[in-house]
Amino acid sequence: MSILVNKDTRLLVQGFTGSQATLHSEQSIEYGTNIVGGVTPGKGGQTHLGAPVFNSVHDAMEAVQPNASIIFVPAPFCKDSILEAADAGIKLIICITEGVPTLDMLIVKKRIDELGIQLIGPNCPGVITPGEAKLGIMPGSIHMAGSVGIISRSGTLTYEAVKQTTDLGLGQSTCVGIGGDPIPGTSFIDALKLFEADEQTKAIVMVGEIGGTAEEEAAEYIRDHVTKPVISYIAGQTAPAGKRMGHAGAIIAGGKGTAADKIKKLKECGVHIAENLLQIGAKAKEVLG
Amino acid sequence: MNLHEYQGKQLFAKFGLPVSKNKVITSAEDAINACRDIGGTKWVIKAQVHAGGRGKAGGVKLINTPEEAVDFSNHWLGKRLVTYQTDAQGQLVNSILIEECTDIAQELYLSAVVDRGTQRIVFIGSSEGGVNIEEVAENTPEKIIYEPIDPLTGPMPFQARKISKILGLNPEQSKEFSKMLPQLTDLFVTHDLTLLEINPLVITQGGKLHCLDAKINIDTNAIYRQPEIQEMHDPSQEDPRESEAAMHDLSYVSLEGNIGCMVNGAGLAMGTMDTIKYFGGAPANFLDVGGTATQERVSKAFKIILADPEVKVVLVNIFGGIVRCDLIAEGILAAIEDVGVSIPVVVRLEGNNADIGSTILAESGAEIVSLNNLEDAAIKAVELSK
C-alpha cells in the first residue's frame, strides 16, 4: 500500500504543452506514471508526449477519466485551474506552481474543503510513491520503495531526506511535498492521518521550517492520534525574524514561528528530533531499530 | 512588500476611513506651505521609513510653528533613522509626513491579517492601543478579540458589534465602526494585503474614531495585479543586495556571518545555513538560486554574494534534481570565471551525475573544493572561514 497515488493513478496534466509541464511529464512517463491526457485551452485535439490534449478538464473527464490532476499553469491562473479540476470531479489535485496570491488560496481552500477534495500545494514538488507513480518534479532516481512516509514543506530538503533514507536501505512508502505557502491545500495533519492508516508506512519523517504554527498543531495531533514513530527536522534555526526566507510562508512574524518553538513543542509531544538535516535518515533508522 | 505610513493613509482615505488632513514633502522648502495648506496652529511631523519605533528615535515630533517643520525636514531628509526595529545603519528618510494634530482621548488597537490557522482574514482588536500588541496578548489576553471573516459573507454587522465591545466603544462609535469594518475588509481584499495595522486607532476628544497610524504589507505574490501598489514601491527602504537579487528572481537575505551560501531550494538553503552554524561557522546570507541552477543564475548569485565584503568563502550546495550535476558543474565554473571569484569556493553536488560533476570541478584547476557530502563540505567551509 501507499498513500494518495499508486500504479492505478490516471493523471491529467493541466498546462500540458508548456515547457515545464513538458519536461516534468516526460520524466514522469519515464518513471512509469500513467498520464492519460492533458489540458491546454485552445489546443484540444492535438497529441502531446503521446497523450491526447483537451480544451478543458471536463472534456478530458469524459474522454479519458483521470482520477488525479497536476497543475503547471502560471500563478495568476491557478485559482481557475484548481477550481476547474474540482468542478469536473477530480478528487486529487496537485499544484506545482509557485507564487499563487494568498487571497486566491483562501477562496480555493474553502471551496475544495466543501467538496472534499485533496489539494496538494501550491508551491510544492508533488507526490511520489516509489516504483509506482511520480506526480511531480522530484528526481525519481533517488527514491526507493520502502517503509518511511515523508511529508515536507520544502522541495530540495525533501530530496535530502529521501536520499538519506534510500542510502540507509529504508526506502519510502510515499513522499508528499505539501509546499511552502502560508495556505497549503494539504496540512501536515492531513498527511499524518493518511500515513497513520497506511500499512506500508512504519515511520514518518516530517520536514518543517520556520513560519506559522503548522508544526505545533501537527505535534499535538501526533501526541493524540499517531501511534507510528515520527521523526522531524525543522529548517531555519539561523533565520532572522521578519524576513521572508524564499518561501512565502517561511517568515518569523511577531516573534511567532521560530524553529526553537517548533522543536520544543515537537519534543514535548514525543516526536524524535533530527537536530541537523544530516541526521534525518540516521534518526529514522535508529527509531525503526 | 511594505508601504510607508503616508501611502497607507492614502489608501485609507480612498476607502473612506478617517485619517488626519496631511501633506507629504520630500524637500524642506515645501514644509511651510504644507503646514499652511493643512491649517491650524499645531502639527505632527513624521519621518517616513519602513520601520516602527520612530517616535522613540526622534523621528516623530509635535510642532507649533511651520519653521519647526523646516528644521525637522532639514535635519532628517537624506539621513538615516535608526530605531529598535532597524539594523545599525537605519533606514533612509526621503519623505516626511505633516499632519494636523489630533486631540486624543483614548488609544485602541486594530489590525487584520491573513491567519494561517483559521485560513481566514482575521481582525484583531484591543482596548489597549499604542503599545506592543504581543505583550497585551501575553499578559491580558481577555483584552484582545480575534474575529475571522468568512470569505462568503464578508464582515457582518454583528462582528463589528463584537469587536466594538472589546474596544469599549459607545453606541455612536460602534455605529461608526460598523461602517469602517467593511471598508477595511474591502481595502484588504482589493489590494491583496497580508497585514493592515492601525496602532493606534484613537477616539478623539470629540468622541470620533480616527486612524492615527497605518502599517500595510502587500502579498508579494499578488503584486503583478496591483499597478497602484507597484507605484508605491520604495527601493530605498530595502537592502540593496536584496532588491538586486529580487530583480533577478533570486531570493536573498543578508546575515551577519562570513560564509556565503548558494543553494537550490529555500528549505535546503535554510538547512545549509543551520548546518554551517552546527559546525561552528556563521552564514553570511540566505540565497535560493532556484530549481534550475543555470550558469546565468549562478553568475548573478556569485555577484550578489561577493558584494558583501565580509564573505571569506562561498559554500555552494546544489541538490541536482531534474538538472544533471555535470551541467551544473560547468555552469559553476563558467560563472566563477565570468565573475572573477578570488576567494575559496566549496561545492557540494548531489543528484544525477554528481560524480561526473565533481570530477569536472576537481580537474578544472580553479580554486574549488568539491565534496559530495554536505557534512564534509560544511566543515571545510567553516575551516576556511576562520
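Residues numbered from 1 in each chain as written. Chains lettered and ligands numbered in written order. Predicted model: local features only at pLDDT ≥ 70, side-chain atom pairs only at ≥ 80, totals over all residues. Heavy atoms only, no water.

### Things to note about the overall build of chain A
Now for step 1: Across its full length, chain A holds nine helices and 14 strands.
Now for step 2: Its C-alpha radius of gyration of 18 Å places chain A within 12% of the 19 Å reference for a compact globule of 289 residues.
Now for step 3: With respect to the three principal axes, the spread of C-alpha positions in chain A is 55 × 40 × 30 Å.
Now for step 4: Per-residue burial for chain A yields a buried fraction of 62% across its 289 residues.
Now for step 5: Contacts in chain A between residues at least 24 apart in sequence constitute 73% of all its contacts with a sequence separation of at least 6.
Now for step 6: As displayed, chain A offers around 9900 Å² of accessible surface, 51% of which is attributable to carbon and sulfur atoms.
Now for step 7: Across chain A, the 24 positively charged side chains and the 30 negatively charged ones have centroids separated by 4 Å. (Helix = DSSP H or I, 4+ residues; strand = E, 2+ residues; numbered from the N terminus. Rg over C-alpha atoms; globule rule 2.2 N^0.38 Å. Buried < 20%, exposed > 50% of the residue type's maximum accessible area, 1.4 Å probe, protein only. Contact = heavy atoms within 4.5 Å. Areas by Shrake-Rupley, 256 points an atom, 1.4 Å probe, with all protein chains shown as cover. Lys, Arg positive; Asp, Glu negative; His and termini not counted. Charge placed at Lys NZ, Arg CZ, Asp CG, Glu CD.)

### Looking at unusual backbone geometry
Now for step 1: Of note, the amide linkage connecting G121 of chain A to P122 of chain A takes the cis form, showing an omega dihedral of 10°.
Now for step 2: Considering the arrangement of structural elements, one finds P122 of chain A in the loop between β7 (118-120) and β8 (126-129).
Now for step 3: The omega torsion across N199 of chain B and P200 of chain B is 15°, close enough to zero to call that bond cis.
Now for step 4: At L49 of chain A, a residue that is not glycine, the phi angle is positive and equals roughly 50°.
Now for step 5: Structurally, the position occupied by L49 of chain A is in the loop between β3 (47-48) and β4 (51-54).
Now for step 6: Classification of L49 of chain A as partly exposed rests on a relative accessible area of 30%.
Now for step 7: You will see that D192 of chain B, though not glycine, has its phi angle at about 55°, which is positive.
Now for step 8: Note that D192 of chain B resides in the loop between α6 (171-190) and β10 (193-204).

### Comments concerning the sheet that holds strand β1 (residues 22-25) of chain B
Residue and element names in this part refer to chain B.
Now for step 1: Strand order in the open sheet formed by four strands is β1-β6-β2-β3, and the pairing between neighbours is antiparallel. Looking at strand neighbours, the two that pair on one side only are β1 and β3 (60-63), the edges of this open sheet. For this sheet the average axis-to-axis angle between neighbouring strands, irrespective of direction, equals 20°.
Now for step 2: The sheet contact formed by β1 and strand β6 (residues 96-100) spans four bridges and is antiparallel. Counterpart to N22 in the pairing with β6 is E99.
Now for step 3: Most of the contacts of helix α1 (residues 5-14) go to β6, to which it runs at about 50°, and overall it touches β1, β2 (43-47) and β6. (Pairing = 2+ DSSP bridges. Axes fitted to C-alpha atoms, helices over the stretch in contact; angles between N-to-C directions.)

### Focus on the pattern of salt bridges
All names here are of chain A.
Now for step 1: Tallied over the full model, the rule gives 32 salt bridges over all chains.
Now for step 2: Measuring nitrogen to oxygen at the nearest pair gives 4.0 Å for the salt bridge that ties E209 to R153. Of this pair, E209 sits in strand β12 (residues 203-209) while R153 sits in the loop between β10 (145-152) and α5 (155-167); the two residues are 56 residues apart in sequence, bridging distant segments of the chain.
Now for step 3: We classify R153 as buried; its relative accessible area is 4%.
Now for step 4: Residues K265 and E220 are paired through a salt bridge, measuring 2.8 Å at the closest nitrogen-oxygen approach. (Salt bridge = Lys/Arg side-chain N within 4 Å of Asp/Glu carboxyl O.)

### Let's talk about the interface of chain A and chain B
Now for step 1: Contacts between the two partners involve 55 residues from chain A and, on the opposite side, 49 residues from chain B.
Now for step 2: Approximately 4000 Å² of surface area, both sides summed, lies buried where chain A meets chain B, with 62% of it carried by carbon and sulfur atoms.
Now for step 3: When the buried surface of chain A facing chain B is broken down by residue, L103, K110 and T238 of chain A rank first, second and third, together holding 15% of it.
Now for step 4: There are five salt bridges connecting chain A and chain B.
Now for step 5: Between E242 of chain B and K243 of chain A there is a salt bridge, with its nearest N and O atoms 3.0 Å apart.
Now for step 6: At the junction of chain A and chain B, the tally comes to 12 residue pairs in polar contact (both at pLDDT 80 or more).
Now for step 7: Take the side of chain A that touches chain B: its biggest share by element is seven residues, from helix α4 (residues 102-115) of chain A. (Buried area = accessible area lost by both parts, 1.4 Å probe. Polar contact = N/O pair within 3.5 Å; in protein donor to acceptor, adjacent residues only side chain to side chain.)

### Details of the environment of E367 of chain B
Residue and element names in this part refer to chain B.
Now for step 1: On the secondary structure map, E367 appears in the loop between α12 (354-362) and β18 (368-371).
Now for step 2: Here the alpha-carbon distance between E367 and S342, two residues 25 residues apart in the chain, equals 8.1 Å.
Now for step 3: What E367 contacts, discounting residues up to four positions off in sequence, is S342, P344 and V345.

### Let's talk about the nonpolar core
The nonpolar side chains of a soluble globular protein tend to be buried, and buried together.
Now for step 1: L192, V205 and M245 of chain A are the most contacted members of the largest nonpolar core, which totals 88 residues.
Now for step 2: At six residues, helix α9 (residues 266-278) of chain B tops the list of elements feeding residues into this core.
Now for step 3: Not counting the four nearest positions on each side in its chain, V205 of chain A is found in contact with V148, G149, I150, I151, A161, I231, I280 and A284 of chain A. (Core = buried A, V, L, I, M, F, W, Y, C linked by side-chain atoms within 4.5 Å.)

### Here we look at the confidence of the model for chain B
Now for step 1: The predicted model of chain B averages 92 in pLDDT, with 99% of residues at 70 or higher.
Now for step 2: On the interface metric, ipTM, the complex scores 0.91, and its pTM is 0.92. (pLDDT = per-residue confidence, 0-100.)

### So, the sheet that holds β10 of chain A
Sheets are built from strands that pair by backbone hydrogen bonding, the pairs being arranged parallel or antiparallel.
Now for step 1: Reading across the sheet, the seven strands line up as β9-β8-β11-β10-β12-β13-β14 (chain A) and stay open at both edges, with mixed pairing between neighbours. Each end of this open sheet is capped by a strand with a single partner; those strands are β9 (133-136) and β14 (272-273) of chain A.
Now for step 2: Relative to strand β13 (residues 230-235) of chain A, β12 of chain A is paired through six bridges, and the arrangement is parallel. When the bridges of β13 of chain A are listed, M206 of chain A appears paired with S232 of chain A.
Now for step 3: Together, β12 and β13 of chain A form the strand contacts of α9 of chain B, whose direction differs from that of β13 of chain A by roughly 85°.

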